[in-house]
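# Report on the structure
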Amino acid sequence: MPEQLRTVASLIEQLQSSDRMKRLSAASQIAALEGKAKEAIPILKSWIGGEDKYSHVTALGTIIWIDKSEADTLIPLLIEALQFDGLEQWEAILWIQSLGKLALPAVPALERLVDEGDMTICWITSDAIFQITDNPSSVLRVGQCLLESLDEQERYVGVEHLMQLGKSVIPDLENVSVHDRSDLVRNRALAALEEIERC
């Protein structure tokens, strides 16, 4: 049996393990195989709608990666999963982001999350919107909001969030590099400016 077929067979076996972490690990590896692992789809579909919401979300994203023709049916379920809390919501955002243009139908729901979610969800979601649409407006809005936070760590994240937009945010970063009250944040802004100039 060719090595790849042995790998797929082994991963499919792991998908049926009694150990939840082994099942999730196998799903992650199967997603990377994309269309070469279609035999895994029936097992993954059995996870959809179960009590384990994380596995539900993982199954949705993995199946779409394996077979893009499933996108029209399953992306609406991923959009519904954006209403979950905690890690399950985070996972739904990351799977949607990974699908690129296929996930354009999810953008309105992501935009609502940017407006309604906590700061962590806001910056993750704005990244997803940028990756899907190439529109930087959400990243810019969330990044500038982070820079105004009283929390040093959030301002630090704001610098890292904005720097992906390159030269267009140099004025914002220059302002931070001079005026932020934290050495940590000022130094990160200076480093970000240097990185942008090198690109």
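As shown above, the structure is provided for reference.
Residues numbered from 1 in each chain as written. Predicted model: local features only at pLDDT ≥ 70, side-chain atom pairs only at ≥ 80, totals over all residues. Heavy atoms only, no water.

### Quick notes on unusual backbone geometry
Located in the positive-phi region is E34, a residue other than glycine, with phi close to 50 degrees. Looking at where E34 falls in the secondary structure, it is placed in the loop between α2 (20-33) and α3 (41-45). Unlike most non-glycine residues, D134 shows phi in positive territory, near 65 degrees. Residue classification places D134 among the exposed positions, given a relative accessible area of 54%. (Helix = DSSP H or I, 4+ residues; strand = E, 2+ residues; numbered from the N terminus. Buried < 20%, exposed > 50% of the residue type's maximum accessible area, 1.4 Å probe, protein only.)

### Quick word on helix α5 (residues 71-81)
For α5, the set of buried residues is A71, L74, I75, L78 and A81. Here the buried residues of α5 occupy an arc of 110 degrees about the axis, which is enough to place them on one side. Residues D72 and T73 are exposed on α5 and point more than 90 degrees away from its buried face. (Arc of directions from axis to C-beta.)

### Description of the packing of helix α8 (residues 119-133) against helix α9 (residues 137-147)
Remark: α8 packs on α9, axes separated minimally by 8 Å, with the N-to-C direction vectors making an angle of 155 degrees. Classed by the angle they form, the pair α8 and α9 counts as roughly antiparallel. Both α8 and α9 take part in a crossing whose hand is left-handed. Contact residues: M119, C122, W123, S126, D127, I129 and F130 in α8; S138, V139, V142, C145 and L146 in α9. Of the residues contributing to the contact of α8 with α9, the split by class is nine nonpolar, two polar and one charged. (Axes fitted to C-alpha atoms, helices over the stretch in contact; angles between N-to-C directions. Parallel < 35°, antiparallel > 145°, perpendicular 65-115°, else oblique. Left-handed = near helix turned anticlockwise from the far one by under 90°. Contact = heavy atoms within 4.5 Å. Nonpolar A, V, L, I, M, F, W, Y, C, P; charged D, E, K, R; others polar.)

### What to know about the nonpolar core
Core analysis: the biggest nonpolar cluster contains 50 residues, and L15, L44, W47, L78, L82 and I96 have the highest contact counts within it. Setting aside residues up to four positions removed in sequence, I96 forms contacts with L78, I79, L82, A103, A106, L110 and I132. Formed by 17 residues, the second largest nonpolar core is a distinct cluster that contains F130, Y156, M163 and V176. (Core = buried A, V, L, I, M, F, W, Y, C linked by side-chain atoms within 4.5 Å.)

### Focus: the side chain of S55
Its location among the elements puts S55 in helix α4 (residues 53-66). If we ignore the near neighbours within four places in the chain, the residues touching S55 are R20, L24 and W47.

### Focus on the environment of Q97
The residue Q97 is located in helix α6 (residues 86-98) in this model. Residues Q97 and V107, spaced ten residues apart in sequence, show a C-alpha to C-alpha distance of 9.8 Å. Excluding its chain neighbours within four sequence positions, the residues that come into contact with Q97 are I124, D127, A128, Q131 and I132.

### Things to note about the pattern of salt bridges
Proximity of charged atoms lets side chains of opposite charge pair with each other. Counted according to the given criterion, the structure contains nine salt bridges. Note that D52 is salt-bridged to R20, the shortest N-O span being 2.5 Å. With D52 in the loop between α3 and α4 and R20 in helix α2, this residue pair connects regions lying 32 residues apart in the sequence. Between K68 and E34 there is a salt bridge, with the nearest N and O atoms lying 3.8 Å from each other. With K68 in the loop between α4 and α5 and E34 in the loop between α2 and α3, this pair connects stretches of sequence that are 34 residues apart. (Salt bridge = Lys/Arg side-chain N within 4 Å of Asp/Glu carboxyl O.)

### Considering the state of the cysteines
Evaluation of the coordinates by the stated rule reveals zero disulfides. C122 provides the cysteine sulfur closest to C145, a residue in no disulfide bond, and the two sulfurs are 7.3 Å apart. Overall, C145 belongs to the partly exposed group, its relative accessible area being 38%. (Disulfide = S-S within 2.5 Å.)

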